[in-house]
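# Commentary on secondary and tertiary structure
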Amino acid sequence: MASQSDFVSATGGVDVDRSMMNNKSIKSTVAGSQREPQADRPSITGDIRGADYYHGLIPRSDVEPLLKKDGDFLLRKTEAKPGMIVLALSVKVEGKPKHFMINMSENSQFYFESHYEKTIHRLITYHMSKKVSVASSTPAYLKRPIERSPWMINHDSIVIVKKLGEGAFGEVFLAEFESGKGRKIEVAVKTMRSEATRDARLKFMKEARLMRKYSHKHVVKILGVAVHEHPLMLTMEVCHNGALLSYLRKNAGKIDLREKLRFCVEASDGLAYLEKKQCIHRDIAARNCLLSSKMELKISDFGMSDDRSIIHDDTLNKVPVKWLAPETLTDKIYSLKSDVWAFGVLIWEIYSDGSEPYKGMSNVQARAKVVSQGYRMPSPAGAPKEIGDLLHQKIWVKNPAERIDMTKCQKKLHEMWEKTK
Ligand SMILES: Nc1ncnc2c1ncn2[C@@H]1O[C@H](COP(=O)(O)OP(=O)(O)OP(=O)(O)O)[C@@H](O)[C@H]1O
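These numbers were taken from a predicted model, which means no experiment stands behind them.

## Examining the UniProt feature "binding site: ATP" (unreviewed entry) in the protein chain
UniProt marks Lys 190 with the feature "binding site: ATP" (unreviewed entry), using the numbering shown here. One can find Lys 190 in strand E11 (residues 184–192). Owing to a relative accessible area of 14%, Lys 190 belongs among the buried residues under this scheme. The contacts of Lys 190, once residues within four sequence positions are left out, are Glu 171, Val 172, Phe 204, Glu 207, Leu 232, Met 233, Leu 234, Met 236 and Asp 301.

If you want it as structure tokens, here you go:
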């Protein structure tokens, strides 16, 4: 967490949350996030919101790689201390990123130390054009504004249409996104409640950052993030038929074996792609697969994902125990192979119409049976023998080194699919 001492010139920064409350599109669209603008409070001028070097609430870890040479700078908002959001100018100074709070005077002028301007943009332009350091104690000259990437979008370009669902940190909406040039596209918007903790916000941003790297027919595509104001938003392709789990449950007994196999094949396509990208998903389950308007399956929910090869996670907090591999349950190790195990549970969910795995067992009981007794769920009633064999002989194998990988799993499922033609 950024502390007050991380900032040079930390004398009463601009409280961004309060000064940026005038965004009409959010006020009028996202229920529950409405806040009244406070007319008596000075507002950060619109020129900053539109400024290319304004990056909104991006985490510090994302800022530092952007500043490459001395004089590179960008503007962002940050939590200087819990509950206090301020504007900070991040500048590369003598090889290191430094962060300067923007201050506001009694008569609503903006300044770093001694030069005052009516708008932040003018203040930055002054320091840039006059080559005046923003702090007397250090040579912080503003040379190159670093533009935010095109996937950073403005709240103003999102118009909410209706609610689609409820996520862990906020609601998910159907929305219209105006992508410059007056072109409107339909998107799903995942929001994050403004009261979410800093950790939750970082997790949200991480999901966006990870998903943005991937492009596959069976992986939900992220289009951009809006982080300038609350609620934070992540825009992604919309999947009109919602979560796979709900579909399986709603249509229990009516989904034929061919469609179930297709779901398994498509999930394996998305997951084999992620395996090639070395992305560990960590939360593969029917609740985290979505269905497009054409009923294509898309892997979603990257909140827990990581692109490291092996993750040792001590917390095991609020984790979905019944989807975890034995090595995760015992040693808290996540890997591409623990994703394969969870994929097995997803196959099981698909063939059992969305039943709860290890039904009738608590998490503690399921864990004990899997780890100590080598228990494996029986193949769901009606599932083809080949599916049962795949689960029991290849996927739910105790030793991750002996467990099948996703690419081979995909191949096997495609072979089964070919036989149905
Ligand atoms: N791209 C999308 N298109 C259509 N509906 C979606 C989309 N993304 C999410 N939803 C809907 O919103 C619900 C919640 O989304 P999601 O599961 O991603 O949130 P979450 O915060 O990750 O929740 P959790 O962590 O509890 O799984 C989904 O079950 C689904 O109904």
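## A word on the packing of helix H8 (residues 257–276) against helix H13 (residues 406–419)
Between H8 and H13, the least distance of the axes is 8 Å, while the angle of their chain directions is 155°. With respect to each other, H8 and H13 are oriented roughly antiparallel. Crossing angle aside, the handedness with which H8 passes H13 is left-handed. Where H8 approaches H13, its residues Arg 258, Leu 261, Arg 262, Cys 264, Val 265, Ser 268, Asp 269, Leu 271, Ala 272, Glu 275 and Lys 276 are matched on the opposing element by Met 406, Thr 407, Gln 410, Leu 413, His 414, Met 416 and Trp 417. Residue composition of the contact of H8 with H13, grouped by class: nine nonpolar, four polar and five charged.

## Overview of the site of the ligand
Surrounding the ligand, one finds 16 residues, the nearest of these being Ala 168, Lys 190, Glu 237, Cys 239 and Asp 301. A distance of 3.4 Å is found between an oxygen atom of the ligand and a side-chain nitrogen or oxygen belonging to Asn 288. Listing elements by their share of the shell around the ligand, those giving two or more residues are strand E9 (158–166) and E11. In terms of residue count, E9 provides more of the shell around the ligand than any other element does, three residues in total. Taken together, the residues of the shell around the ligand break down into nine nonpolar, three polar and four charged. Two domains each provide a minimum of three residues to the shell around the ligand, namely domain 2 (152–237) and domain 3 (244–419).

About the thresholds
- Residues numbered from 1 in each chain as written.
- Predicted model: local features only at pLDDT ≥ 70, side-chain atom pairs only at ≥ 80, totals over all residues.
- Heavy atoms only, no water.
- UniProt positions renumbered as here; feature names shortened; annotations may be inferred.
- Helix = DSSP H or I, 4+ residues; strand = E, 2+ residues; numbered from the N terminus.
- Buried < 20%, exposed > 50% of the residue type's maximum accessible area, 1.4 Å probe, protein only.
- Contact = heavy atoms within 4.5 Å.
- Axes fitted to C-alpha atoms, helices over the stretch in contact; angles between N-to-C directions.
- Parallel < 35°, antiparallel > 145°, perpendicular 65-115°, else oblique.
- Left-handed = near helix turned anticlockwise from the far one by under 90°.
- Nonpolar A, V, L, I, M, F, W, Y, C, P; charged D, E, K, R; others polar.
- Near = heavy atom within 4 Å.
- Polar contact = N/O pair within 3.5 Å; in protein donor to acceptor, adjacent residues only side chain to side chain.
- Domains from an automatic or database assignment.

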